[in-house]
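# Chains, contacts and geometry: an overview
Letter by letter, the chains look like this.
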Amino acid sequence: MRLHHLAVTAFGPFAGTEQVDFDALSDAGLFLLGGPTGGGKTSVLDAVCFGLFGQVPGDRDKAKRLHSDHAPRGSGPQVVLEATLRGRRVRITRSPEWVRPKLRGTGTTREPAKVLLEEQVDGIWTQRSNRIDESADLLGDLVGVTIGQFCQVALLPQGQFETFLKAGSQERHGLLERLFDAQHYRAIEDWLTEHRKALGQRSAEHEAATTATLARITEVSGATPGDTTGDADLDDPLPWSAGVRDRAVTACAEARLARTESDRAVKLARVQRDEARAVSVLQARHADARRRRERLDALAESTASTQRRVDAARRAEVVAPVASLFDESAAGTEQTRTAAARHAVGAAPWLPTALAESTAAALEDSDPDACDEAAVAECVRLRRQEAARLTALLPTQAELDQAEAALTRTDLQVTATRSRLQQVDDTLARLGDQRDSLVEQARQATDVAADSTALQQRLDAVGQQVDGAQRAEQERDRHADLAKRLAAVTQTTLTAREAWLDVRQARLEGMAAEIALRLQVGEPCPVCGSTEHPDQAQPAGDAVAESDERAAEQLLQHAEQVRAAADADVRRCETALAAAEAAAGGLTLAAAEQARADLRRRVARAVEAGQHAEQVARDLDELDRQVGVQLAARAEAHDELAALQERCGSYRQRRESLRTLLVEAVGTAESLSERVAEESAAERSLQAMVEAVQPWRDAVTRLGELRRRLDETTRRQGFATVAAARAAVVPTAELADLETLLQSRTHEVATVQAVLDDNAVREAAALPRADLDSLEQQLQRLEADRDEAVTRQSRLGGQADRLEMLHSDLDAAIAAWSPTRRALDTARQLAALCAGTSADNPHRIRLSSYVLAARLAQVVDAANERIDRMTGGRYLLEHTDTRGVGDRRGGLGIRVHDGWTGEARDPVTLSGGETFVASLALALGLADVVAYETGGVELGTLFVDEGFGSLDAETLDEVLDVLDDLRSGGRVVGLVSHVPELRARVAAQLRV
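Please read these numbers as outputs of a predicted model, since none were measured by experiment.

So, on to the packing of helix 9 (residues 238–298) against helix 20 (residues 732–756). Packed helices, taken two at a time, are described by the angle between their axes plus the distance between the axes. With their axes 9 Å apart at the nearest point, helix 9 and helix 20 run at an angle of 140° to one another. Considered as vectors, helix 9 and helix 20 are oriented oblique to each other. Read as a crossing pair, helix 9 and helix 20 show a hand that is left-handed. Within the contact between the two elements, helix 9 uses Arg-285, His-286, Ala-289, Arg-290, Arg-292, Arg-293, Arg-295 and Leu-296 and helix 20 uses Arg-745, Glu-748, Val-749, Thr-751, Val-752, Gln-753, Val-755 and Leu-756. Residues that form the contact of helix 9 with helix 20 fall into these classes: six nonpolar, three polar and seven charged.

And the structure:
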C-alpha cells in the first residue's frame, strides 16, 4: 500500500478543503507530520483510515461526529484518497453521514453516507462501485487487513501501537493469520473437527444400530446381557447372543416332544368318548320309543273322536254349495232392495207427498208389488220438459260469458299497455344515464391513448437499460470466474516464491561450501583474503546448486507472468462491467426488467384505451339508435291505450243488457247453467228410482226357489236341519290337518314298534349309562394342553428363528462398526492434537498457531535488529511457546530479554519509553516480514503517531537512525509528533 494524495473538506477540525501530496513527502522516505497539540495531526490519519475503511480508529468512531463544526452548515464533509493497493491505483471518495439544513423551508435533514470507488486504467479513472457494502468488499481484498489490524501494522495511533506487543496469544493469532495467509491451516483444524464430528455421528449410528439389535434380542428372548450367563462381556455381546440363541433352540426341541405326547393323549381320549356317545344314543332311542308308545295309548279315544268328525265333515261338504248359493241370493236381494230405497230417498224431493209416503212403506215391508211405478214415470216426463225449456236459453248465457271475458281481456290489455309505457319511460331514462357515462368514458380513454407514443419511446429506452443490465450480470459472473483464476494463479505465484526463497536460503546456507570448492592452493580467499585454507567447508548431502536457484527463479518468473496476464484479464473485465453498468443507468437487472414490465403494461393500457375509445363511439351510435326505437314505441303505446279504453266501454254496455234478459230464468240459482243442471238432476233421480224397482222384484222371486232346494239336500245327507249341516262343516285346511294327524299317528305306532323290536337297541338298553360329561371334560382338558403345546412350540420356534437372524445382524453390525470406531479414535487424537487440547500437546498450541509461530519468530528476529540498535544492546525480544498469564493457548508468546540482568520478562513490565521502543521495533519487524512475504499485505507507507516525547535524547537518536534506514527498502515512514527535536532532525515536514 502506498499513499499518493489526500483531500479533506469540512472533516474534523478542517473547515475548508485541505490537500496532502504524499508523493512529494514520500520522495524523502521519512517525513514529519507536525503541529501544535489539538491542531489536527491525528485527524489526517483519521482521514486516511476513513478513506480506506469508512471508519476512524479507536473510540473516535463511536462519536459519529466527523463533520467539521467550523465549516458552514451547508458544506458537506468529504475525504478523497488516492493510493496504490496491490499494484492498482485507486481513488476513494467518501462522505460520512451528516445533518444539513433543508433545501426548502426550515429545519434539518440527515444526509446518508456515500462512497465512490474509482480505478485508474490506462490513465483513465473508471468507476468501480458507488455502493458502501460493495466498495468495502473490494477495498478489503485490496488492503488485506481490517481497520484494527491496519492500526497495528501500518498506522500506529496514540496509545494503541503497543497493542501487538502486549496482546495475548489469541489476539496475535488473529492478526498473524490474516497477514500471512495461514487460514488454510485453520481450515485443516476445522476439517479435522468436522471429520471427527462426522465419524462420531457415523459411530453413533452404528452404535445405535448395535444397541437396537441387542434390544430386539433382549425383547425377543426376554433376557438381559449378563443376567443368565453370569460372565457375559457386554462390550463383546456376541457370545451372550450365541448363548441366548442356543437356549432358544433347545427349548424349541423340548416343546416339539411335548406336543407329540399331547397329540397321542388327545387321540386316545377322543376314541373313548365316541364309543360312549354311540351307546348313549342307542339307550336314548329305546327310552324315547317307550315314552312315545305310552303317549299313543293315551290318545286312542281322541283319535276315534277325530275320525268321526272327519266323516261328518265329508257329508256336510255336499250341503255347503247349495247353502252358499242361497246365502249369495239372499245377499243380492237385500242389495237390490237397498238400491231401490237409496234411489227413492234421492227422488223424494221431486215426488208428490202421497206418492213419496206409499213408496217408503213398500220398501219398509219388502213388498215390491206395492210401488206405483206409473206415477213416478209421469213425474219424470214433467221434469224433462222444464229442462228442455231452460236449455234453449243457454246461448244467451254463453253470449253474456263471452262479453264478460272480452271485458276482462281488454282490462288486462289496458294494464299491460300502461306497464309497457312505464317500461319505455324507464328505458329512456336509463339510456340517458348510459349515454352520459359513455361520453365520460370516451373522454378519459382519449386522454390515456394520447400518451401511447411517449410511453413507447420510454419503453425503448428502458429496453436498452435491460440489455445493459443483462451484460452487467454476465460481466459480473465472468469477473467472479476471472477473480477466482487470479486468486489461484496468485496462490501458485506465492508457492513458487516460497520455493524460490527456500532454495535461495538453502544456497545461502551452503554458500561457504560452494566458495570452498572454487578455492585454489595459493590463491586468496574472496571472503577473508587469506592464501591459506586450513579448514574448508564441506557441502551437505542436500546442497543446492546455482542451477537449482535459477530453475526456481525461472518458475517464479513464469508464475508472475501468468498472474500479470490474469490480472490484466480482470481489469479488462472490470472495464466492460463499468460500461455495461453505465448502459444500465445504475439499475439492477431485476429493477430494469421491472421498469420495462411496468412500461409495457402502461403502453398496453394506452393502446387498449384507444381501442376502448373507438368501441365507446360505436356504443354511443348504437345507444342513440335504441333511444329512437324507444321513442317510437312510446308513441305507439299511447295510441294503443286510447283504443283499448274505448273498447272497454262498449263491452260494459252489452253485458248489462244480457244480464237483464236472464234474471227471470235463473231465479234463485247462481246461473242458468246451474238451473238447467238442477232440472236434469231431478229427471235422473226419478228415472233411477223407476229402474231400481224391477231388479228388486226379480231377486225376491229367485230367493224363494233356492230355499226349497236347500231344504231337500239337507234331508238327503242325514242332517235334521240346515243349521246342523252348517255346524258339521270343517274348513278345508283344518280337515286336511285332521286327516294328516290320523295318518301320522298310524305311522308313529308302526315306527315305535320297530324301534322296540331292534336287537341293538335292546342290548344297549341292558347296559349301564356312561358318564359322557367326565369323558368330554377330560378330552377338552387334553385338547387345551395340546393347544398350549402347539402355541409354545410355534412361539419358541419363531423365537429361535428370530434370534438366529438377530445374531447374524448383531455380528454384521459389530463388523461394520469396528473400522469406524478405530477411525474415530484416530480422528479424535489428531483433532485434539491440532486444536491444542490433547495431553500430548502440553503447551496447548494449535496447528495454525504452530505454523504462525515460525512467522512470529521471523518478526521477532527482524524486530531485534532494530531494538538492539535503539536500546544500545540492552533489550532483545524472544519468541516463546509457553502460555502467558490469561492465555488458554501457547505458541505465540513474546518475552523481553534484559541484557543487564540476563532475565526474560513480560512486556507489560517495561517503562513507557521502553514500551514505545519495543513496540516500534516489533511493528517495523512485522511490516518487514509482511512486505517480504509477497503473499501478505504490501505496507509501503507507515505512520507512527506520538510516543517520541517519552524518549531521552540518546534513545531518540537511535530510534530516528533506525527509522531513517527504512528508506533503503522503499518504505515511507510518517512521524506524527510535536517534539521540537524531530523538527530539527527530519527535513521533509507537513505542518498542520
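Anyway, onward from the coordinates.
Let's shift gears to the side chain of Arg-874. Looking at where Arg-874 falls in the secondary structure, it is placed in the loop between helix 23 (847–870) and strand 11 (875–880). Side chain to side chain, Arg-874 and Tyr-875 meet in a polar contact 3.1 Å long. Setting aside its immediate chain neighbours within four residues, Arg-874 contacts His-897, Asp-898, Gly-899, Trp-900, Arg-905 and Glu-914.

Our next topic: the sheet that holds strand 5 (residues 88–95). Taken in spatial order, the six strands make up an open sheet running 2-1-4-5-8-9, and their pairing is antiparallel. In this open sheet, the two edge strands, each paired with only one partner strand, are strand 2 (14–21) and strand 9 (124–129). For this sheet, the mean inter-axis angle between neighbouring strands, taken without regard to orientation, is 20°. With seven bridges joining them, strand 4 (residues 78–85) and strand 5 adopt antiparallel strand pairing. Paired with Thr-84 across the strands is Arg-89, a residue of strand 5.

It is worth spelling out the packing of helix 9 against helix 21 (residues 759–766) at this point. Interaxial distance between helix 9 and helix 21 falls to 8 Å at its minimum, and their mutual angle equals 105°. Between helix 9 and helix 21, the angle is such that the two are roughly perpendicular. The residues of helix 21 that touch helix 9, namely those facing Val-279, Leu-282, Gln-283 and His-286, are Ala-760, Val-761, Ala-764 and Ala-765. When the residues that make up the contact of helix 9 with helix 21 are grouped by side-chain class, the tally is six nonpolar, two polar and no charged.

Moving on: the packing of aromatic side chains. Scanning the entire structure with this criterion turns up two aromatic pairs. Seen from their ring centres, Phe-11 and Phe-50 are 5.7 Å apart, and the 40° between their planes marks the pair as tilted. Here the residue Phe-11 occupies a position in strand 1 (residues 2–11), and Phe-50 occupies one in helix 2 (residues 41–53), the gap between them amounting to 39 residues. Of the two residues, Phe-11 and Phe-50, both sit in the buried class. The cationic tip of Arg-91 hangs over the ring face of Trp-125; the distance from NZ or CZ to the ring centre is 4.4 Å.

This part takes up the nonpolar core. With 40 residues, the main nonpolar core has Leu-6, Phe-11, Phe-22, Leu-52 and Leu-85 as its most contacted residues. Sort the elements by how many residues they give to this core and helix 2 lands first, with eight residues. In this structure Leu-52 touches Met-1, Leu-81, Leu-85, Ile-92, Arg-94, Leu-139, Val-143 and Phe-150, once residues within four positions along its chain are discounted. With 33 residues, the next largest nonpolar core counts Leu-856, Ile-894, Leu-924 and Val-986 among its residues.

Right, let's get into the sheet that holds strand 13 (residues 903–905). As summarised here, the arrangement of the three strands in space is 11-12-13, forming an open sheet in which the pairing is antiparallel. Taken across any chain shown, the strands that pair with only one partner, and hence form the sheet edges, are strand 11 and strand 13. Across the sheet, the axes of successive neighbouring strands diverge by a mean angle of 35°, strand direction being ignored. Pairing geometry for strand 12 (residues 893–898) and strand 13, over three bridges, is antiparallel.

Right, let's get into the environment of Arg-792. Tracing the backbone shows Arg-792 in helix 22 (residues 772–835). On the accessibility criterion, Arg-792 (38% relative accessible area) is partly exposed. When neighbours within four sequence positions are excluded, Arg-792 is seen to be in contact with Ala-251 and Ala-255.

For the rest of this paragraph, the subject is the pattern of salt bridges. Note on pairing: side chains with opposite charge can pair once their charged atoms come close. Throughout the structure, instances matching the rule amount to 22 salt bridges. Between Asp-263 and Arg-786 there is a salt bridge, with the nearest N and O atoms lying 3.8 Å from each other. In this pair, Asp-263 sits in helix 9 while Arg-786 sits in helix 22, placing the two residues 523 residues apart along the sequence. On the accessibility criterion, Asp-263 (24% relative accessible area) is partly exposed. The network of salt bridges with shared partners includes Arg-259, Asp-263, Arg-786 and Asp-787.

With that settled, the discussion passes to the side chain of Ser-241. Topologically, Ser-241 is positioned in helix 9. For Ser-241, a relative accessible area of 2% corresponds to the buried category. A distance of 2.8 Å separates the side chain of Ser-241 from the side chain of His-807, its partner in a polar contact. Filtering out sequence-adjacent residues up to four positions away, Ser-241 remains in contact with Ile-217, His-807 and Leu-810.

The rules behind each value
Residues numbered from 1 in each chain as written. Predicted model: local features only at pLDDT ≥ 70, side-chain atom pairs only at ≥ 80, totals over all residues. Heavy atoms only, no water. Axes fitted to C-alpha atoms, helices over the stretch in contact; angles between N-to-C directions. Helix = DSSP H or I, 4+ residues; strand = E, 2+ residues; numbered from the N terminus. Parallel < 35°, antiparallel > 145°, perpendicular 65-115°, else oblique. Left-handed = near helix turned anticlockwise from the far one by under 90°. Contact = heavy atoms within 4.5 Å. Nonpolar A, V, L, I, M, F, W, Y, C, P; charged D, E, K, R; others polar. Polar contact = N/O pair within 3.5 Å; in protein donor to acceptor, adjacent residues only side chain to side chain. Pairing = 2+ DSSP bridges. Phe/Tyr/Trp six-rings, centres within 6.5 Å; stacked < 30°, edge-to-face > 60°. Buried < 20%, exposed > 50% of the residue type's maximum accessible area, 1.4 Å probe, protein only. Lys NZ or Arg CZ within 6 Å of the ring centre and 35° of its normal. Core = buried A, V, L, I, M, F, W, Y, C linked by side-chain atoms within 4.5 Å. Salt bridge = Lys/Arg side-chain N within 4 Å of Asp/Glu carboxyl O.

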